[in-house]
Number of protein chains: 2
Amino acid sequence: MMDENGILFILSGPSGVGKGTVRKELFKRADDLAYSISMTTRERRAGEKDGVDYFYKTNEEFEQLIADNQLLEYAQFVNNYYGTPRKYVEDTLAAGKDVFLEIEVQGAMQVKENFPEGVFIFLFPPSLEELKTRITSRGTESQNAVLKRLKEARGEIEMMDAYDYVVVNDDVDHAVRKVQSIIQSEHCRRERIAKQYKRLLEDDEL
Amino acid sequence: MMDENGILFILSGPSGVGKGTVRKELFKRADDLAYSISMTTRERRAGEKDGVDYFYKTNEEFEQLIADNQLLEYAQFVNNYYGTPRKYVEDTLAAGKDVFLEIEVQGAMQVKENFPEGVFIFLFPPSLEELKTRITSRGTESQNAVLKRLKEARGEIEMMDAYDYVVVNDDVDHAVRKVQSIIQSEHCRRERIAKQYKRLLEDDEL
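The structure presented is a predicted model; accordingly, all values stated were derived computationally and were not measured.

Novice: I tried to follow helix α5 (residues 128-137) of chain B on my own but got confused; where do I start?
Specialist: An α-helix turns once per 3.6 residues; consequently, residues spaced three or four apart project the same way. Within α5(B), burial applies to B:L128, B:L131 and B:I135. Looking down the long axis of α5(B), one finds its buried residues gathered within 55 degrees of arc, a one-sided arrangement.

Next up, the structure:
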């Protein structure tokens, strides 16, 4: 109805909580949502496309973008940089499309600093017991590594206060529906749209 | 999952915008919502039940409740008082059930003052032209009365800033879905539920 900007939604939460599963199911149902494409310095693999799977950059290019504050967040893994390019997000929002970013808690906190107008959703485990089961059942980690990850998860949950919404992932369908409600209702928030509606009043003559 | 209080939702907007239609359709779909029952001094009609259609009070009782700040809002029509009893709303919320109140803009502003923790939804006409058509097509009012109501509607729209959400009533189904999203997402707001989730952390041992 009106030329409205898109909104950046950030889904985060402790590792093991099921962020990826919720995000995948959400994208099956929502066709008007753009997934935030990451930027990386790792080599392009066969079949991957620039601007689809990742934006591929050299080390020098990436470090220049960091220096220019052109990344909403970034991190290094195994000597490669990964990050969220500000320009792609801002251009997509300006075109009126929502952007959805699924990310670890540390990355979300960086985004919060660089893009506070985003809507931050914290995915919460049904219980810590359940989170423990999920992390343990991956079976790829030693007892010590599991304990370390659980301790981290506890710390990450403490960071909930920086978020706008908390969605419990007791069931993927429930969680996805709640995220969809958050997306729809955020578009109805008065702060976002009052100006446009008032403009309508001025244009309209009684 | 947790013992959570209900939320008071207030649907308001200019006269002629279709508040009643949206409210009725919402109640057809939502079975976990309590309709806010009004209190009145008008006489009980045949078939009406106390505590179902209205809470019936004498003039003296009603005025005592006003004096005791026991009404979230009230007004006088044709020598009778009508109002929203605070106790019914608070008891229902404490029992974990949401309460839904559909009301004129003036009444909503009184509720805002007496119960700022409510969630205020402003129903917006698709256009002023459309509102004009709706008011005129009722056919019960003189040209002058229609103009007066339109001028009032314009003033009421200016009060949008006191609301949390704006929902455009371009289509009843759309509007109801948006209101349902607002209800669901408000239950996910971190300010409301973070305490409960953190309590869960304390109870849970790793």
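Novice: Just to check I follow, could you spell out the relation of the copies chain A and chain B for this structure?
Specialist: Between the two chain copies there is a screw-like relation: a rotation about an axis and a shift along it. Mapping chain A onto chain B calls for a rotation angle of 180 degrees and an axial translation of 0.0 Å; the resulting RMSD is 0.0 Å. Here the two chains are linked by the operation of a two-fold rotation axis. Across chain A, the smallest distance between a C-alpha and the rotation axis is recorded for A:S181, namely 2.2 Å. Looking at the interface residues of chain A, 100% of them are also at the interface in chain B, so both copies use one shared face.

Novice: Which parts of the structure should I look at to understand the UniProt feature "binding site: ATP" (unreviewed entry) in chain A?
Specialist: All names here are of chain A. The sites that carry the UniProt feature "binding site: ATP" (unreviewed entry) are, in the present numbering, G13, P14, S15, G16, V17, G18, K19 and G20. Looking at where G13 falls in the secondary structure, it is placed in the loop between β1 (8-12) and α1 (19-29). Assessed through its relative accessible area of 0%, G13 is described here as buried. In this structure G13 touches K19, I103, V105, F122, L123 and E156, once residues within four positions along its chain are discounted. With respect to the helices and strands, the residue K19 is situated in helix α1. With sequence-adjacent residues up to four places away left out, K19 is seen in contact with L11, S12, G13, P14, E102, I103, E104 and L123. Engagement of the side chain of K19 in a polar contact is seen with the backbone oxygen of P14, the distance being 3.4 Å.

Novice: Just to check I follow, could you spell out the packing of aromatic side chains for this structure?
Specialist: To describe a pair of aromatic rings, one takes the distance between the centres and the angle between the planes. Considering all chains together, one arrives at 24 aromatic pairs over all chains under this definition. For the pair B:F62 and B:Y81, a centre-to-centre distance of 4.8 Å together with 5 degrees between the ring planes defines the contact as stacked. Taken together, the residues B:F62 in helix α2 (residues 59-67) and B:Y81 in strand β6 (residues 80-85) connect sequence positions 19 residues apart. Grouping residues by exposure puts B:F62 and B:Y81 together as buried. Through successive ring pairs, a cluster of aromatic residues spans A:Y54, A:Y56, A:F77 and A:Y82. Just above the ring of A:Y35 sits the side chain of A:R23; from NZ or CZ to the centre is 4.8 Å.

Novice: I tried to follow the interface of chain A and chain B on my own but got confused; where do I start?
Specialist: A common way to report how large an interface is uses the accessible area buried once the components associate. Facing the 39 residues of chain A at the interface are 39 residues of chain B. Across the chain A/chain B interface, buried area totals approximately 3,800 Å², and carbon plus sulfur atoms make up 62% of it. Taken together, the links from chain A to chain B amount to two salt bridges. For B:R189, the salt bridge is made with A:E186, and the minimal N-O distance between the two is 4.0 Å. At the surface where chain A touches chain B, the tally comes to 13 residue pairs in polar contact (both at pLDDT 80 or more). For the side of chain A that touches chain B, the element with the most residues is helix α8 (residues 190-203) of chain A, which contributes eight residues. Split into classes, the residues belonging to the side of chain A that touches chain B amount to 20 nonpolar, four polar and 15 charged.

Novice: Explain the pairing of strand β9 (residues 165-168) of chain B here, please?
Specialist: Regular strands place side chains that alternate from one sheet face to the opposite one. Residue and element names in this part refer to chain B. Residues Y165 and V167 of β9 are buried on one face, and the alternating residues V166 and V168, pointing to the opposite face, are buried as well. Relative to β9, strand β8 (residues 119-124) runs parallel, the two being bridged by four bridges. Looking across to β9, one finds that F124 is bridged to V168.

Novice: Where do I start with the sheet that holds strand β7 (residues 98-102) of chain A in this structure?
Specialist: The strands making up a sheet associate through backbone hydrogen bonding, with each pair oriented either parallel or antiparallel. All names here are of chain A. Taken together, the five strands give an open sheet; going across it, the order is β2-β7-β1-β8-β9, and neighbouring strands pair in parallel fashion. With partners counted over all chains shown, the strands left at the sheet margins are β2 (33-35) and β9 (165-168), one partner each. Strand after strand, the sheet turns through a mean of 25 degrees between neighbouring axes, direction not considered.

Novice: Before we go on, may I ask you to explain the pattern of salt bridges in this structure?
Specialist: It is possible for side chains of opposite charge to pair when their charged atoms get near one another. Residue and element names in this part refer to chain B. Applying the stated criterion across every chain yields a total of 26 salt bridges over all chains. One salt bridge connects K28 with E25, and the closest N-O pair in it is separated by 3.5 Å. Residue K28 and its partner E25 are both found in helix α1 (residues 19-29); the two are separated by three residues, about one turn of the helix. In this structure K28 comes out as exposed when scored by relative accessible area, which is 68%.

What counts and what doesn't
Residues numbered from 1 in each chain as written. Chains lettered and ligands numbered in written order. Predicted model: local features only at pLDDT ≥ 70, side-chain atom pairs only at ≥ 80, totals over all residues. Heavy atoms only, no water. Buried < 20%, exposed > 50% of the residue type's maximum accessible area, 1.4 Å probe, protein only. Helix = DSSP H or I, 4+ residues; strand = E, 2+ residues; numbered from the N terminus. Arc of directions from axis to C-beta. Least-squares fit on C-alpha atoms with pLDDT ≥ 70 in both. Contact = heavy atoms within 4.5 Å. UniProt positions renumbered as here; feature names shortened; annotations may be inferred. Polar contact = N/O pair within 3.5 Å; in protein donor to acceptor, adjacent residues only side chain to side chain. Phe/Tyr/Trp six-rings, centres within 6.5 Å; stacked < 30°, edge-to-face > 60°. Lys NZ or Arg CZ within 6 Å of the ring centre and 35° of its normal. Buried area = accessible area lost by both parts, 1.4 Å probe. Salt bridge = Lys/Arg side-chain N within 4 Å of Asp/Glu carboxyl O. Nonpolar A, V, L, I, M, F, W, Y, C, P; charged D, E, K, R; others polar. Pairing = 2+ DSSP bridges. Axes fitted to C-alpha atoms, helices over the stretch in contact; angles between N-to-C directions.

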